[in-house]
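This is what each chain is made of:
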Amino acid sequence: MAQPSQDAKLADALVLFGATGDLSRRMVLPSLYFLDADGHLPVDFKIVGSARTALSRDEFVAEVKKILEARSERIDDGVWARFSGRLDYVAGDATTKEGAMELKPHLKGFERPMYFLAISPSLYAKVAAALGEAGLAPEDSRIVLEKPIGRDLETSRQLNEAVGKVFNEERIFRIDHYLGKETVQNLIALRFANTLFEPLWNNLTIDHVQITVAETEGVGDRWPYYDEYGALRDMLQNHMLQLLCFVAMEPPADMDPRSVRNEKVKVLRSLRRYTRSDVQASSIRGQYTKGVVAGQEASSYESERGKPTTTETFVALRVDIDNWRWAGVPFFLRTGKRMPEKRTQIVIQFKPVPHSIFGNSAKDDLVANRLVIDLQPQEDIALTLMNKLPGVSKGGMRLQSMPLSLSLLSTYEGPGARRRIAYERLLIDVLHGDNTLFVRRDEVEEAWRWIDGVADAWAEAGLTPKPYAAGSWGPPGAFALIERSERAWLD
Ligand code: BG6
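Residues numbered from 1 in each chain as written. Predicted model: local features only at pLDDT ≥ 70, side-chain atom pairs only at ≥ 80, totals over all residues. Heavy atoms only, no water.

How do you make sense of helix α5 (residues 124-133) when you look at a structure like this?
Given 3.6 residues to a turn, an α-helix orients residues that are three or four positions apart in the same direction. Taken residue by residue, α5 has Tyr124, Val127, Ala128, Ala130 and Leu131 as its buried positions. Projected onto a plane normal to the axis of α5, the buried residues spread over an arc of 160 degrees and lie on a single side. Elements that come into contact with the buried residues of α5 comprise β1 (13-17), α4 (97-101), β4 (113-117), β5 (142-145) and α6 (153-164). (Buried < 20%, exposed > 50% of the residue type's maximum accessible area, 1.4 Å probe, protein only. Helix = DSSP H or I, 4+ residues; strand = E, 2+ residues; numbered from the N terminus. Arc of directions from axis to C-beta. Contact = heavy atoms within 4.5 Å.)

Help me understand the site of the ligand, please; the structure alone is not making it clear to me.
Every residue close to the ligand is listed here: Lys147, His177, Tyr178, Lys181, Glu215, Arg222, Asp234, Met235, His239, Lys337, Lys342 and Gln376. Interatomic distance of 2.8 Å between a side-chain N/O atom of Lys147 and an oxygen atom of the ligand. Among the elements that make up the shell around the ligand, the one with the highest residue count is helix α8 (residues 223-248) (3 residues). Its residues placed into classes, the shell around the ligand shows 2 nonpolar, 3 polar and 7 charged. (Near = heavy atom within 4 Å. Polar contact = N/O pair within 3.5 Å; in protein donor to acceptor, adjacent residues only side chain to side chain. Nonpolar A, V, L, I, M, F, W, Y, C, P; charged D, E, K, R; others polar.)

What's the story with the sheet that holds strand β3 (residues 87-91) in this structure? I'm lost.
Within a sheet, each strand pairs with its neighbour through backbone hydrogen bonds, oriented either parallel or antiparallel. As summarised here, the arrangement of the 6 strands in space is β3-β2-β1-β4-β5-β6, forming an open sheet in which the pairing is parallel. Each edge of the sheet is formed by a strand with only one pairing partner; in this case those strands are β3 and β6 (172-174). Pairwise comparison of adjacent strand axes, ignoring direction, gives a mean angle of 20 degrees for this sheet. α5 rests against β1, β4 and β5 of the sheet, and its axis sits at about 160 degrees to β4. (Pairing = 2+ DSSP bridges. Axes fitted to C-alpha atoms, helices over the stretch in contact; angles between N-to-C directions.)

What should I look at first to understand the sheet that holds strand β8 (residues 283-289) in this one?
The 9 strands lie next to each other as β16-β15-β14-β13-β7-β12-β11-β8-β17, forming an open sheet whose pairing is mixed. Where the open sheet ends on each side, the last strands, each with one partner, are β16 (399-407) and β17 (466-469). Averaged over all pairs of adjacent strands, the angle between strand axes in this sheet comes to 20 degrees, irrespective of strand direction. With 6 bridges connecting them, strand β7 (residues 206-214) and strand β12 (residues 331-336) associate as parallel partners. Residue pairing for β12: Thr212 is matched across the bridge by Arg334. Sheet strands in contact with α8 are β7, β11 (314-319), β12, β13 (343-350) and β14 (370-376), and its direction is about 145 degrees off that of β12.

Would you mind going over helix α14 (residues 441-461) with me for this structure?
The end-to-end C-alpha distance of α14 is 30 Å, a good match for the 30 Å that 21 residues give at a rise of 1.5 Å each. Buried residues dominate α14, accounting for 15 of its 21 residues. Just beyond α14, the residue with positive phi is Gly462, at close to 65 degrees. (Expected span 1.5 Å × (residues − 1).)

What is the right way to read the nonpolar core from this model?
One recurring pattern in soluble globular proteins is that nonpolar side chains are buried together. Among the nonpolar cores identified, the biggest contains 146 residues, and Phe17, Tyr115, Phe116, Phe331, Ile346, Leu371 and Trp450 are the most heavily contacted of them. Residue contributions to this core peak at 13 residues, all from α8. Leaving out residues up to four positions away in the same chain, Phe17 has contacts with Ser24, Ser50, Ala94, Leu103, Tyr115, Phe116, Leu117, Ala118, Ile119, Val127 and Leu131. (Core = buried A, V, L, I, M, F, W, Y, C linked by side-chain atoms within 4.5 Å.)

This is the structure:
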């Protein structure tokens, strides 16, 4: 059993608002347990669950144990004894000063609490204000907010203003759980710890970039949230633009949060805005109808929602970045629910060789190099290179495209190893007060500014979602979108 951390500067308590909700059960509580198992939680670190549900401390502890057991991971008795000893529970309404005051006795003696808001974003401002009024936001406290931070630029500003009145920017940790994924961080290593790629990472050598985030699951009973947001606001505004930023940003001077986030903001500011006239050719919205996904019948979004709606469950876009490095290199982004497979992938497609010396025999063999970064479900990086097909052939050399592969899973994870939950990395960073992997206010607002432009152009052009069968790669227009520039999705 790993021993707990002794670092005095770490946060000393975590209050988990929405402790009985879905996010806490699936992600936050298991992550905290694993961090404790690995010795990442400080010795006297306390975890206070807070929710409206009336539970005693013992009932909450029993509930947490059930959650961990349901993950079917082996619970270590020693770790559980230590972890359960940290748990506490306060039932109440944290959106009022009175409710927040209830927490006070439970946080007595703790000077650096972190507040994790696993609750509806509509309550963030009220909870932050209540914490302030109750005197629970001391200088070293931190607040963790989940997406969505607003629904557009205006509402995100209001939210940031309200929370900013109580916690200064350095103490606000806006989570984008994609930034907690190992492979996303690995993008930084790949780009900036190798001399190989950086000289090629520009419009002289790269033809285009594809970013795909495909999910097999549908919206299901999440529709009350989803119907208001759609794929553009649910996935593109945050996760996909973050991936794009990591691919496109200039090398930061160091890994300091300011350096990294400054570079990302510059990319967001360089995104070309859509106009009503180009939005038709550069974007497509889709909505799944019934179909078959992985051999299982799947219902339509409309039937899950219970009535017709114009919310998109798929979106594909051509994005242009107007700066020196990327001028003329389109980024094709697509994301959708009920796709044929779960796949999060970045494809860097290099340009073809300027001239083939291999003559007729190999004229159809030549394939341009490609760097494929698979983030999910496998964590793989593959660089395809041209190679001579072994053997002798009449009339000249034959070529073959072969991958040079780095499988992160088989390289680093031995038998019994476990893939970390993205939240583990992020929680450690909040604990240490490091906000490099969190989204800064200007970043979130720049992203919304651009997304608002897309939504406005859609509205002006009257672009509604086109149907696609569950289990397909989106409406035919998604293929036309990329084929228009004589390119194709890597499927
Ligand atoms: C969430 C979205 O942020 O990310 C969901 O709200 C989506 O709609 C999820 O399913 C995807 O996350 P992951 O880690 O499974 O790719």
